[in-house]
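Single-letter residue listing:
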Amino acid sequence: MIRFITLLLVFSTTISVLQAQAPAAPAEEYSIGGIDVEGVEYTEPNAIIAVSGLAVDQKIRIPGNDIPDAIRSLWRLRLFTDVEVYVTNQIEDVVFLSIKVQERPRLSRYSYKGIRKSLHDDLNDEVQRFIQRGGIVTESVKLNTTNALKDFFIERSFQDVNITVTEIPDSLMFNSVRLLYDIELNKKVRIGEITIAGNEVLSDRKVRRLMKNTKRKKNWFKPSKLVNDDFEEDKKTIVARYNKLGYRDAQITFDTVYRIDNKMYIDMTVREAQQYYFRDIAWRGNSIYTTERLREVLGIEEGDVYNEELLETRLRFSPDGRDVSSLYLDNGYLFFRVDPVETTVEGDSIDMEIRIFEGPQATIDKVTIAGNDRTHEHVIRRELRTKPGQKFSRSDIIRSQREIIALGYFNQENLGINTPVNQQRGTVDIEYVVEERPSDQLELSAGWGGQGRGVIGTLGVTFNNFSLRNLFDLESWSPLPQGDGQRLSLRAQTNGKFFQSYNMSLTEPWLGGKKPNSFTVAAFHSRSTNGAPRFSGDRSAGILNPSFRRLAISGLSVGLGTRLKKPDDFFVSNTTLSYQNISLRNWQGFILEETQSPIFTGNYHNISLNQTLARNSIDSPIFPTSGSKFSLSAQLTLPYSVFKKDNFWEVDDSEAQSLIDVENANREAAGLTAMSESTENTFIRDIENSRKYKLVEYHKWRFQAEWYSKVFGKFVVKTSAKIGMIGHYNNNIGTTPFERFELGGDGIANFNIEGKDIISLRGYEENQLPGNTYGATVFDKFTLELRYPLSLNPSATIFVLGFVEGGNSWTNFRDFNPLNLRRSSGLGLRVFLPMFGMLGFDYGIGFDKPELLNSNTAKWSDYGRFSIILGFEPE
C-alpha cells in the first residue's frame, strides 16, 4: 500500500503543505537510504542537507513532522525562494529523498541613474557595506542599501532625496540580477538660522562658532548642512565650553529643528546656571610625594575657576608631562590610581578631596616586538627606552614610541603598545606591535639650477633600511638586502651635456651595534662644461680647444655622529672630515669682487672639518605638529697662508715670461694667434690667483632653526630661520671664491654646483639678488608657514600651506643688514608618497624687485614665480 503513496512538499511564499496523493493513511516509520539536492548553483549541497536536519539512516515518520521541520529550517536561511522535499524511491521501509530548492538571485552588478559619475566611487562604498557582487539579493539588502544612499545625500544637505531601486534580471549570468538605483536629488536644504536663547556669558556668535559641524548658510565658503549626529556633538561641545568656564551645571534645556520652505531652522535654549570656583583641595593617601609637591604639579589654586577638564588633565595625562599620574607612572607606580571627589559645594565654591592609591612599584618583565617582517628585531630594540628589569615608566614608553616612528619604517597610525600586568608578581610585559610600510624612496626631481644652468633633473634611489652584511646572501634579497637600518643613497643629476653630478653615501646609524654612533661615508663627482669640444681637430693629436670650459668637483667625506645625553638626549653631534678637488679649465664662474678679476684655470684642494650640533624633537618627520629642530655647524680649514711667506702667490718677471712662452706655443699649435699684452696680463693674474687659492682656506658657519606648533583645529604653524656666513683668516688673501652661498630659485635639495650652497627663496630668481653676483659671504632667511593637512594617510600624506618669507644675501659682511629682506608670500601644496618622497608646488610673489618697479612694461605676473619640488624639500 505504501508504494501508492507519493509525498509532495512545496514551500514557496508560504509554508508548503504536506499532502498525500492517496487516501489518508496512518503514519509509518521509514529509514532514509539517501538524500539528493537539486537546483543549487552557489550553495554547498552537503550544507543544505546538514541544515535540514535530515541524515542517512535516520528514522522518520511519513506523514509526520520530520520533513516539514526540515523545510522550515531551510526557509529560515533566507537563501531560497522555493523549497521541496519528496520521495524519489522506496525499497520496503527505506526511502530515498530529494531536496529541491530555488536559490535567490545573485547580484551581478549595480548602477546609478540621476547623479554625476564623480560620486559613483563614494556611493559604491555605501552599497558594498551590505552586499558585494555575487551576493544574495534580498528585500532587506535593497532596503538597507537604499537607506544608506539616502543618508549619504542627507549628510550633504539633500534632505528631499528620493531613491528607488529596481531589480532587473541579468541575461548574461544564470540566476542573477542587476540593481538600478534611480536617484532624484531635488534641491539642497540649508540651515537658515540658528536661534539661541538664555545665553549671557557667551554671545550668540561665540556659541555658533562652537558648532563646528552645524552652520548657517551665510556665504559660499562655509558648508551648511544638518546631520543629527553632528548636531548632537555640537551641543556637547557647547556644554563642554561652559563647563570649562566654571559653569558646571550648564545644559541645553530645549532644542527643536523645523523646516520652512527650503530651509531648516534650529532653536536652542541654554541654561547657564552659576559659575563655580575651586576652594579647598585636600590630598589623601599620598606618602611618596609631599602634598606641596603634588599641589605644585596640579597648578590649581584656591579661587581659580572650576574647570573639570583642566583638573582631569593635570591629574591623569597632560601632553607636556605636567600631571600627577606622570609623576607616579614614571617612577614605576603602575598600579597608581587617583580619584577627585567633590566633598562640599557651598554657594559658588567647591571643596575637593583627591584620593590617591599609590600601590607598589612595578618592574618590566618582558619586552617583545611583533609585526616586523622585514626589519630585524635588534634595529627596533636598540631604539627602545624600556628594558627588562627596569622600573615601569610611561614617559619611557612614549619616547620609545617616538623613536620607533622616527625610524620611518613603520605605519605610525597602526603602532600598538600592549602592557599586560601581573599584579601578583608586580611586573608588566610591554609588547610593541608594528606594521611595516615602504621606506625606500625613488627620487625624481626637477628644479631650476639658476643663472644659465636651466632645468636640472635628478634620478636617485635611497634604501633607508639597507643591510650591508647580507649583501652577498642572495636569499635575503627582497628585492635588496634589508632590515639592518642602514641608509644607502645613489643619485645622479644632469641637464644634458652641460652638467652631470653623481653622489653616493652609506650610513650605519649604530656603529658597533652598542651605542647610537653613526658612521657615514660619501663620495661625489660633478662636471660642468660650456658644451664645446675638449680637443681641437683630431683627438689623438691631444691639442686642447682654447674655447673649451670645464668645472669638475670631486669629493670624499667621512662622518661620525653620536647621540648626546646632555642637555638632553634629543641632541646629536656630528663630525665630518671631507676633501674636495676643484678643477677649472677656462671657467668663468668665479670672479673676485676685490679686483674684479676672474679665476679661469687651476686645481684647488678643499680639506675641511665640519662640526655640527643639532637637536630634533619634532613628533613626525613628514607632517610635524609639535617640536623643533635646531642645528649649528662650523666648517673649518687650516689657515695654510699663515705658514707661508707673504705674497707667496706672486709670479716674477722671468717666470712670467716662461709661462707666456709655453702658452703661446700651445696656441700656435692650435692654430691661434699669440696673446696680446692685455691677455698676457690676465693670464699671469689667473696663475697668481690659482696659486693664492690652491689650498682653499676659510671658516664657514651656519645656523638653522624650525618650530612647529598647533594653533587651532588641524592648522599647524611652522616658523624657521636660517643664517650662514663664510670668513677668511688672511686679509691679504680675502674670502675664498669657493664655498659661498647663492640665494633664490628652487634651491634644489642637496645640490651644490660651482662650489656654492644653493638656498631657495620663493618668488625670486637668483639673478634678482645682487649679493649673488660674486657669490654671497652671508645670507639670512626667515619663513612663516600655516599648514593644513588634507590627508594624513601614511600611503599619501597631503597638506596645503600659505607662506610669507623674507631673505637676502650680501657679498661683503660689512653690508650685512639682517632686516633688509627681499619679501615674498604665496601658496603651496605638498604630497608625500613613500616611494617618491616629497612632491611640492609653490607659487610665490616677490614684492621687492626694484628692476620691475622702475620698469614701465612690468606686469603683475612678473612678480610671481612658480616652483616645482620633486623629491625632497629644498633648503
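Below you will find a few notes about this structure. By convention here, each chain's residues receive numbers from 1 onward along its written sequence. Local features are withheld for residues below a pLDDT of 70 in this predicted model, meaning they are given only at 70 or higher, and side-chain atom pairs are given and counted only at 80 or more; totals for whole chains, interfaces and linings count all residues. Side-chain figures throughout are based on the complete set of non-hydrogen atoms in the structure, without hydrogens or water.

Glancing now at the overall build of the chain. Helix and strand assignments follow DSSP, with helices taken as H or I runs no shorter than four residues and strands as E runs no shorter than two, numbered in order from the N terminus. Assigned secondary structure in the chain consists of 14 helices and 41 strands. Considering only C-alpha atoms, the chain reaches an extent of 140 × 85 × 70 Å along its principal axes. Categorising residues by exposure relies on relative accessible area from a 1.4 Å probe, with only protein chains included: less than 20% of the type maximum marks a residue as buried, more than 50% marks it as exposed, and the intermediate range marks it as partly exposed. The proportion of buried residues among the 875 residues of the chain is 44%. Throughout, a residue-residue contact means that at least one pair of heavy atoms, one from each residue, lies within 4.5 Å. Taking contacts inside the chain between residues at least 6 apart in sequence as the whole, the part at least 24 apart equals 61%.

Pairs of strands are assigned from DSSP output, requiring at least two bridges between the strands. On the basis of which strands lie adjacent, the open sheet formed by three strands has the order β14-β16-β15 and mixed pairing. Looking along the sheet, the strands with just one partner apiece sit at the ends: β14 (277-284) and β15 (337-346). Direction aside, neighbouring strands of the sheet carry axes that sit 25° apart on average. Inspection of the sheet shows β14 paired to strand β16 (residues 349-357) by six bridges, in the parallel sense. Among the inter-strand pairings, A282 is bridged to a residue of β16, identified as E353. Packed onto the sheet, helix α7 (residues 291-298) meets β14 and β16 and runs at close to 140° relative to β14. Think of each axis as a best-fit line through the C-alpha atoms, taken over the contacting stretch in the case of a helix, with angles from 0 to 180 degrees between the N-to-C directions. In the packing of helix α8 (residues 308-315) onto the sheet, contacts are made with β14, β15 and β16, and the angle to β15 comes to roughly 150°.

Where helix α3 (residues 120-127) meets helix α4 (residues 139-154), the closest approach of the two axes is 9 Å, and the angle between their N-to-C directions is 135°. In terms of their interaxial angle, α3 and α4 are classed as oblique. For α3 against α4, the interelement crossing comes out right-handed. Residue-level inspection shows D122, L123, E126 and V127 of α3 in contact with α4, the latter providing T145, A148, L149, F152 and F153. Partitioning the contact of α3 with α4 into residue classes produces six nonpolar, one polar and two charged. Should an angle lie under 35 degrees it is considered roughly parallel, over 145 roughly antiparallel, and from 65 to 115 roughly perpendicular; all remaining angles are considered oblique. Crossing handedness is defined as follows: a turn of the near helix away from the far one that is anticlockwise and smaller than a right angle gives a left-handed crossing, while the clockwise case is right-handed. Throughout this entry, Asp, Glu, Lys and Arg are counted as charged residues, while Ala, Val, Leu, Ile, Met, Phe, Trp, Tyr, Cys and Pro are counted as nonpolar. The remaining residues, Gly among them, count as polar.

We now examine unusual backbone geometry. Of the consecutive residues I62 and P63, the connecting peptide bond is found in the cis state with omega at -15°. Mapping P63 onto the fold places it in the loop between β5 (59-62) and α2 (66-75). The omega torsion across K566 and P567 is 0°, close enough to zero to call that bond cis. With respect to the helices and strands, the residue P567 is situated in the loop between β26 (550-563) and β27 (571-585). One non-glycine residue with positive phi stands out, namely D57, at about 75°. Mapped onto the fold, D57 is located in the loop between α1 (45-52) and β5. With a phi angle near 60°, A273 is a residue other than glycine that sits in the positive phi range. Following the sequence through the fold, A273 ends up in the loop between β13 (263-271) and β14.

This paragraph deals with the pairing of strand β7 (residues 94-103). Where strand β4 (residues 28-38) and β7 come together, seven bridges link them in parallel fashion. If you follow G34 over to β7, its bridge partner there is F96. One ladder, built from 10 bridges, connects strand β6 (residues 80-91) with β7; its direction is antiparallel. Bridge pairing in β7 places V85 opposite I99.

Ordered in space as β8-β10-β9, the three strands form an open sheet in which the pairing is mixed. Every other strand in the sheet has two partners, leaving β8 (106-113) and β9 (162-169) as the edge strands with one partner each. Between one strand axis and the next, the sheet turns through 20° on average, direction left out of account. The pairing of β9 with strand β10 (residues 176-184) spans eight bridges and is classified as antiparallel. Within β10, the residue paired with V165 across the bridge is Y181. Contacts between α3 and the sheet are confined to β8 and β10, with β8 contributing the most and set at about 140° to the helix. Along the sheet face, α4 touches β8, β9 and β10 and points at about 145° away from the line of β9.

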